[in-house]
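Take a look at the letters that make up each chain.
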Amino acid sequence: MTYPTINRLLAFACIGFTIFSCNQKESSEILISEIDQVSYNFHIRPILSDKCFACHGPDANKRESELRLDTEAGAYAALKDDPSQFVIKPGNLEESTVYHRITSEDPGELMPPPESNLALSETEIQLIKKWIEQGAKYEPHWAFVAPEKSPLPEETDWTTNEIDRFALKKMTEKGLQPNPEAKPHELIKRASLDLTGLPPSPEVLDRFGDFSGDLTYEDLLDGLLSDPGFGEKMAIIWMDISRYSDSYGYQDDNIRTQWPYRDWVIHAFNENMSYDQFITWQLAGDLLPNANKEQILATAFNRNHKYTEEGGVIDEEYRIEYVLDKTNTVSKGLLGITMECAQCHDHKYDPFSQKEYYEMFAFFNNTPEKGYQGDVSQSKPAKTPILWVDQEDLSGVMSFINYADTSKLSVSVMGELDEQRPTYILDRGVYDAPTVEVEPSTPSSIMKFPDDLEENRLGLAKWMTARENPLTARVFVNLMWQEIFGQGIVKSAGDFGMQGDLPTHPELLDWLAVDFIENGWDIKRLMKQILTSSTYKQSAIIKDKHLKTDPENLYLARAPRLRLPAENIQDLVLASSGLLVRKLGGPSVKPYMPEGIWEAATSGRGVLATYVQDKGDKLYRRGLYNFIKLTVPPPKAIIFDSSNRDRCEIGRSRTNTPLQALVMMNDPMILEASRVLAGKMWEENREEEKAIATSFKRIVCRDLTSKEKSILLSYYEDQLERFKENPDQIVSSLSVGEYPLEEKNINPETAALMQVIVSIYNLEETITKS
Amino acid sequence: MEKEILEEGLNHNRRKFLSRLSLGVGSLALGSLLVPDLFSGKSEAEEAMMNALPHFAPKAKRVIYLFQNGAPSQLESFDYKPELIKRMGEELPESIRGTQRLTGMTAGQSSFPLVGSNYKFDQYGESRAWISEVFPHTAGIVDDICIVKSMHTDAINHDPALTFFQTGAQVGNRPSMGSWLSYGLGSENSNLPAFSVLLSRGRGNGQGVYSKLWSNGFLDATHQGVQFSNSEDPVLYLKDPESMSRSERRKMIDQIAAMNDLSMNQFNDPEIAAKVKQYEMAYRMQTAVPEMTDISKEPESIIKLYGPDCLVPGTYAANCLLARKLSESGVRFVQLYHQGWDQHGNLPNEMRLQAEDVDQASAALITDLKQRGLLDETLVIWGGEFGRTNYCQGKIQVDNYGRDHHPRAFSIWMAGGGVKSGMVYGETDEFGYNITENPVHVHDFQATVLHLMGIDHERMTYKHLGRRYRLTDVSGQVVKDLIA
């Protein structure tokens, strides 16, 4: 896109948001009169896409009356059955059939037809009217045009870096002002959780204090970015995208060994591998010249999907299913597009034909993979093609794999057939209905696949990481933004297409994407850039004005308050209690889980028919190492909105439910952590005030206020009395978890302190990034 | 007359409201707005939205789905085919099989010998429905149920077929039927989850179940099925530690609330207030759920009705009784799964055992609901994920055989909730292989269930990543003939 076009596009964007975020009660006329120039991208396309394209869009087979509204040529054409009339006549409402049809009183004429269960609002009709009057100009979809840096809005005293200049401009337009900076201890906790998923210890809090000493906020960030916890934190996001799990998924759902791939992801993030290399290896590590085992291991990305071991399945049906999953995962996770809609027919909203779907599919259709390699009785931990990892590898190029055993490891990875397997368009997406043969290629509406690239996954990786690719960098930058601020600049992080949300800060998104590419796709640099911004450092206090003007915090005049992801709740509890075993990687672990969960749902076959809980250190690992059996994912994680890993997911929802309260109150892991911390605190302090204050600081990462102190102290005294009066309850309260309970810790004070600590773990603030 | 006019007016406003809503609010999780105690921040608009669904007067308020996991044979239950006995051992004619694809288990068989039922059949009730000897109790309630003999599906393997029945798609992470109803209609009881799941296992060859079958998919996690277990913790993490009395729990929750209030004063975040409410709800659930699962207070007559197994937690009979209690208390969708119906071999022996485990309690559930006056508003469904072949898997032996998966024709039954009673719907050919009359596709079945609940299956959609999804994917016709 040329530079002035962006500017124009952006200038209207803000007006667009007034409209789409407005209260329906407000009069549409007033809003529309505020718009000087209606924009196709920001005002019209969202309406046409949502309400019209299903029948008058890219899907040629479902197109009604041969009339399409998704292209200029289609919209300006004469009517098929009445060439004197036009679909849309730019600047002429009277001769534009579209206008008559959307305002018709006759249900037989009205568009969209009532039976579609779709309807246009008055505002939408008025917008279309004005757009036609102004010449009905079409524009290319913003996300399919390569991003460019636009001029930076002005600096102020408040702005620290470029992010702030864009953010401030937007919030000012909304009549909002930035919140004051968060308190130092809040920043320390926030940054620690964001970069490592772990809470800061009281020592760290004290060491950095209010940043007035030798140690600055930047030092804090540098320390966190070089902490191995960084890779673990980032890996959680990538495990959702790469639908990582420890079992095969279908029916009998036996064990598999993909965890070395998870360890590689942690390693890659910790080594700050550039994002372009990170995805190139995952897409095509095996096709790189002289590929080493690490590069091949990375391709397990495309082998993490489910595999059937159900007796009697048809091999080709499932082989195709696996290729579909790869195609959909790469499209959604890396490109932010919903290609899967084009599996059965041309995409209804986006300019992707069914042919283009199978061209993309063709890249992944050339592996020696099989649809079925026998039932559960013949199950192996990896399926063809397999990467074998031996002791020599583990002490060499693969030293990041944490594996104590001496047996060889096997991982399912990608491989390429010597002779290209032909790919066909599959009618209705069905495996046994091939039609026209196609060659590997990419959707031309995103970016043409250059002639000089290899027509294989390596070529695809090069296309994807090309400077001109409009999606790859935007999608990743947006993903990181979503992780930090709770929602992306494009809220639909997995859909940058026509039906996706418009960016709230288009200039900022583009600036960040280009800057990311210009600086070598440097992930840690990007994170530091975001975390040093004034926008990030704002306080999370919500003012009434925020709730009224911007309840969703789209305009970032405050920091978000977000409940931690399931894995990080576990991390926080274990870390603050001192139980956490900080070991990187290795086979997944099986911590406490309510009895009978696997057993109730199993066929009884395979090694995962029963849950055999681990012992010792394995009970206290970080949440991301918990074993994931796909057909019965860990219930606690699911209760806290984790992905079930069935499919590629790009972002999680955040619910607030009574089941979560029950987990926090009764989960043995939390009770055990409370018991162990209480024992330690009582032993060290022998005095309740200090013990409570220190526990609180370890868990909530700040000092107690005097009010809080009095509430907790009186609860403590009440509990102390309870245990003194009922000494039989002391041992039964303390006896939770497998961590040894020592005689010296069996006393009413520890039991009472444990109850106080359980209640601290149950505070909203404890599991909230604020 | 006046009432009619008033209702028409109300409906008009609802329709108007819904159409307005669909333009503005977009994909809000409806159900989450319908259980006020579960969620915070109910606005006027949301309040009004509650009135938008159902789309029309529902016949049923609640569903109990008795899923027979593994696929019970229609030829040994409800689809009586004497012709198969006559032609015992004869080859399945090519003309009958047509283009039907076979599973890998029998695709390699050189011969497809027809095999007739080893069980005796008889006709029952006013509908003169044929029912086999292993379902005597079901035969006893035949005039209360509607047998559909013409079900068909797209899938031929368990996992995709189950997923298809429950979510409308063979693959993919879509919401389950119960999640859709939780989303659309919410719960009638704010102390119990709208969508509850109960599991049991029989003595026959079993196939696993998967929690994805009761997954919320892309809907909010509040709509996921909540599994009730037969352990002392009927709902996960419900039970307090032994030494924690109710009053101690109360004290702790009050203490947490007092601390959260301070936080609320500081941050002014509505989520904090919501959290406080969640703890209150959790506290109430801790009393409500154990009361619900306690069957010790059930009278002798009820125990007798469901059979002695109902006193053994985790059995199908116990789950049927629990399902009645949950449903009676307002749980919108109770989903049972009973494993063990996959008789590839040894069918005559295994299926008898399977039937023995479920027959009495299934019938008892209908009788029990009826005597409580609840059958009219409760839809009960009994059936598996597909049918079984009319030919033998492996070699036929004297009195023993097995059947492979068959998607083209199979039987289920439905009862109550606005379904015609005492009816047999649909017909298959004399081979029991193809449907000859009134086919009902899985999507048609789903559309019909939603219709009975007052929901237009084409209108209850959820927009996810740009596409409007619905339970019935892109097809489905309400089977009007089944509706009373």
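Calculation criteria
Residues numbered from 1 in each chain as written. Chains lettered and ligands numbered in written order. Predicted model: local features only at pLDDT ≥ 70, side-chain atom pairs only at ≥ 80, totals over all residues. Helix = DSSP H or I, 4+ residues; strand = E, 2+ residues; numbered from the N terminus. Rg over C-alpha atoms; globule rule 2.2 N^0.38 Å. Buried ≥ 20, exposed ≤ 12 C-beta atoms within 10 Å, placed from the backbone. Contact = placed C-beta atoms within 7 Å. Axes fitted to C-alpha atoms, helices over the stretch in contact; angles between N-to-C directions. Parallel < 35°, antiparallel > 145°, perpendicular 65-115°, else oblique. Left-handed = near helix turned anticlockwise from the far one by under 90°. Nonpolar A, V, L, I, M, F, W, Y, C, P; charged D, E, K, R; others polar. Domains from an automatic or database assignment. UniProt positions renumbered as here; feature names shortened; annotations may be inferred. Pairing = 2+ DSSP bridges. Core = buried A, V, L, I, M, F, W, Y, C linked by C-beta atoms within 7 Å. Expected span 1.5 Å × (residues − 1). pLDDT = per-residue confidence, 0-100.

1. What to know about the overall build of chain A
Alright, step 1. Scanning chain A for helices and strands turns up 33 helices and six strands.
Alright, step 2. Taking 2.2 N^0.38 as the reference for a compact globule, 770 residues should give roughly 27 Å; the C-alpha atoms of chain A span a radius of gyration of 28 Å, in line with that estimate.
Alright, step 3. With the C-alpha coordinates of chain A rotated into their principal frame, the extents come out at 95 × 65 × 50 Å.
Alright, step 4. Sorting the 770 residues of chain A into buried and exposed places 57% on the buried side.
Alright, step 5. A sequence separation of at least 24 residues applies to 70% of the contacts in chain A between residues at least 6 apart.

2. A few points about the overall build of chain B
Alright, step 1. For chain B, the count of helices and strands is 13 helices and 17 strands.
Alright, step 2. The buried share of chain B, taken over its 484 residues, is 58%.
Alright, step 3. A sequence separation of at least 24 residues applies to 77% of the contacts in chain B between residues at least 6 apart.

3. Details of helix H17 (residues 354-363) of chain A
Since the α-helix packs 3.6 residues into each turn, any two residues three or four apart lie on the same face.
Residue and element names in this part refer to chain A.
Alright, step 1. Counting buried positions over the 10 residues of H17 gives nine, a clear majority of the element.
Alright, step 2. Among all positions in H17, only Gln 354, Glu 356, Tyr 357, Tyr 358, Glu 359, Met 360, Phe 361, Ala 362 and Phe 363 are buried.
Alright, step 3. Where the residues of H17 are buried, they touch helix H16 (315-335), strand S3 (423-426), strand S4 (434-438) and helix H19 (457-464).

4. Brief notes about the packing of helix H20 (residues 472-485) of chain A against helix H22 (residues 523-532) of chain A
A pair of packed helices is captured by two measures, namely the crossing angle of their axes and the spacing between those axes.
All names here are of chain A.
Alright, step 1. Packing of H20 against H22 brings their axes to within 11 Å, and their N-to-C directions diverge by 45°. For the element pair H20 / H22, the angle class is oblique. The element H20 and its partner H22 pack so that their crossing is right-handed. In this structure, H20 contributes Val 477, Met 480 and Ile 484 to the contact, and H22 contributes Leu 526, Met 527 and Ile 530.
Alright, step 2. Within the contact of H20 with H22, the residues separate by chemical class into six nonpolar, no polar and no charged.

5. A word on the domain arrangement of chain A
Residue and element names in this part refer to chain A.
Alright, step 1. Looking at the assigned domains, one finds that chain A contains domain 1 (3-140), domain 2 (229-464) and domain 3 (666-769).
Alright, step 2. Listed as interface residues are nine residues of domain 1 and, on the opposing side, seven residues of domain 2.
Alright, step 3. Considered class by class, the residues forming the side of domain 1 that touches domain 2 number four nonpolar, three polar and two charged.

6. Some words on the UniProt feature "domain: DUF1553" (unreviewed entry) in chain A
Alright, step 1. Under the present numbering, the feature "domain: DUF1553" (unreviewed entry) in UniProt falls on residues 456-715 of chain A.
Alright, step 2. Summarising residues 456-715 of chain A: 49% helix, 1% strand, and an end-to-end C-alpha distance of 66 Å.

7. Concerning the pairing of strand S11 (residues 410-415) of chain B
All names here are of chain B.
Alright, step 1. Counting buried positions along S11 gives six out of six residues, so the element sits mostly inside the fold.
Alright, step 2. Of the two faces of S11, the one holding Phe 410, Ile 412 and Met 414 and the one holding Ser 411, Trp 413 and Ala 415 are both buried throughout.
Alright, step 3. Across five bridges, strand S4 (residues 145-152) lies against S11 in antiparallel orientation. Residue pairing across strands places Ile 145 opposite Ala 415, the latter belonging to S11.

8. With respect to the nonpolar core
Nonpolar side chains tend toward joint burial in soluble globular proteins.
Alright, step 1. One finds Val 477 and Leu 753 of chain A together with Cys 146, Val 380 and Met 414 of chain B to be the most contacted residues of the largest nonpolar core, which totals 325 residues.
Alright, step 2. In terms of residue count, helix H12 (residues 347-371) of chain B provides more of this core than any other element does, 10 residues in total.
Alright, step 3. If near-sequence neighbours (up to four positions away) are discounted, Leu 753 of chain A is found in contact with Ala 678, Met 681, Trp 682, Ala 691 and Tyr 716 of chain A.
Alright, step 4. With 23 residues, the next largest nonpolar core counts Tyr 40, Ile 88, Leu 127 and Ile 128 of chain A among its residues.

9. Digging into helix H33 (residues 748-761) of chain A
Alright, step 1. In this model, H33 of chain A (14 residues) spans 20 Å end to end at C-alpha, consistent with the 20 Å of a helix rising 1.5 Å per residue.
Alright, step 2. Extensive coverage of H33 of chain A is indicated by the burial of 13 of its 14 residues.

10. Re the UniProt feature "domain: DUF1549" (unreviewed entry) in chain A
Alright, step 1. This chain's UniProt record puts "domain: DUF1549" (unreviewed entry) on residues 162-368 of chain A.
Alright, step 2. Annotated as 55% helix and 0% strand, the span residues 162-368 of chain A places its first and last C-alpha atoms 48 Å apart.

11. A word on the interface of chain B and chain A
By a widely used convention, the size of an interface equals the accessible area lost when the partners come together.
Alright, step 1. Taken together, the contacts link 66 residues of chain B with 73 residues of chain A.
Alright, step 2. Counting residues per element, the ones that place at least two in the side of chain B that touches chain A are helix H1 (2-24), helix H6 (158-167), helix H8 (246-267) and helix H9 (270-293) of chain B.
Alright, step 3. Among the elements that line the side of chain B that touches chain A, the one with the most residues is H8 of chain B, at 11 residues.
Alright, step 4. Looking at the side of chain B that touches chain A residue by residue, the class counts come to 25 nonpolar, 25 polar and 16 charged.

12. Describing unusual backbone geometry
A negative phi angle characterises most non-glycine residues, just as the trans form characterises most peptide bonds.
Alright, step 1. Here the residue pair Met 111 of chain A and Pro 112 of chain A is connected by a cis peptide bond, since its omega of -10° sits within 30 degrees of zero.
Alright, step 2. Residue position: Pro 112 of chain A is located in the loop between helix H6 (97-103) and helix H7 (122-133).
Alright, step 3. For the peptide bond that leads from Thr 384 of chain A to Pro 385 of chain A, omega is -5°, which places it in the cis range.
Alright, step 4. Positive phi is not limited to glycine here, since Arg 128 of chain B has a value of about 50°.
Alright, step 5. One can find Arg 128 of chain B in the loop between strand S2 (121-124) and strand S3 (129-132).
Alright, step 6. The class of Arg 128 of chain B is exposed, set by 11 C-beta atoms lying within 10 Å.

13. A word on the confidence of the model for chain A
Alright, step 1. This prediction gives chain A a mean pLDDT of 93; 96% of its residues lie at or above 70.
Alright, step 2. Predicted confidence is poor over residues 1-27 of chain A, with pLDDT under 50, and the contacts of this stretch with residues over four places away or in other chains come to 37 contacts.

14. A word on the packing of helix H30 (residues 688-700) of chain A against H33 of chain A
Residue and element names in this part refer to chain A.
Alright, step 1. Put simply, H30 and H33 touch, their axes get as near as 10 Å, and they point 30° apart. If you check the angle between H30 and H33, you find them roughly parallel. Both H30 and H33 take part in a crossing whose hand is right-handed. Taken together, the residues of H33 that come into contact with H30 (itself represented by Ala 691, Ile 692, Ser 695, Phe 696, Ile 699 and Val 700) are Leu 753, Val 756, Ile 757, Ile 760 and Tyr 761.
Alright, step 2. Looking at the contact of H30 with H33 residue by residue, the class counts come to 10 nonpolar, one polar and no charged.

15. Quick notes on the environment of Trp 481 of chain A
Residue and element names in this part refer to chain A.
Alright, step 1. Secondary-structure assignment places Trp 481 in helix H20.
Alright, step 2. A count of 22 C-beta atoms within 10 Å places Trp 481 in the buried class.
Alright, step 3. Sequence-wise, Trp 481 and Leu 526 are 45 residues apart; in three dimensions their C-alpha atoms are separated by 9.7 Å.

16. Description of the environment of Glu 649 of chain A
All names here are of chain A.
Alright, step 1. The topology assignment puts Glu 649 in the loop between helix H27 (635-639) and helix H28 (658-666).
Alright, step 2. For Glu 649, a count of 23 C-beta atoms within 10 Å corresponds to the buried category.
Alright, step 3. In sequence terms Glu 649 and Trp 238 are 411 residues apart; their C-alpha atoms lie 9.3 Å from each other.
Alright, step 4. If sequence neighbours within four positions are ignored, Glu 649 has contacts with Asp 240 and Ser 643.

17. Thoughts on the environment of Thr 287 of chain B
Alright, step 1. Along the chain, the position of Thr 287 of chain B falls in helix H9.
Alright, step 2. Sequence-wise, Thr 287 of chain B and Lys 239 of chain B are 48 residues apart; in three dimensions their C-alpha atoms are separated by 9.7 Å.

18. Some points on the confidence of the model for chain B
All names here are of chain B.
Alright, step 1. On average, residues of chain B carry a pLDDT of 87, and 89% of them reach 70 or more.
Alright, step 2. Low pLDDT, under 50, characterises residues 1-51; the stretch is placed with 65 contacts to residues that sit more than four places away or in other chains.
Alright, step 3. Scored as a whole, the predicted complex attains pTM 0.87, and scored at its interfaces, ipTM 0.90.

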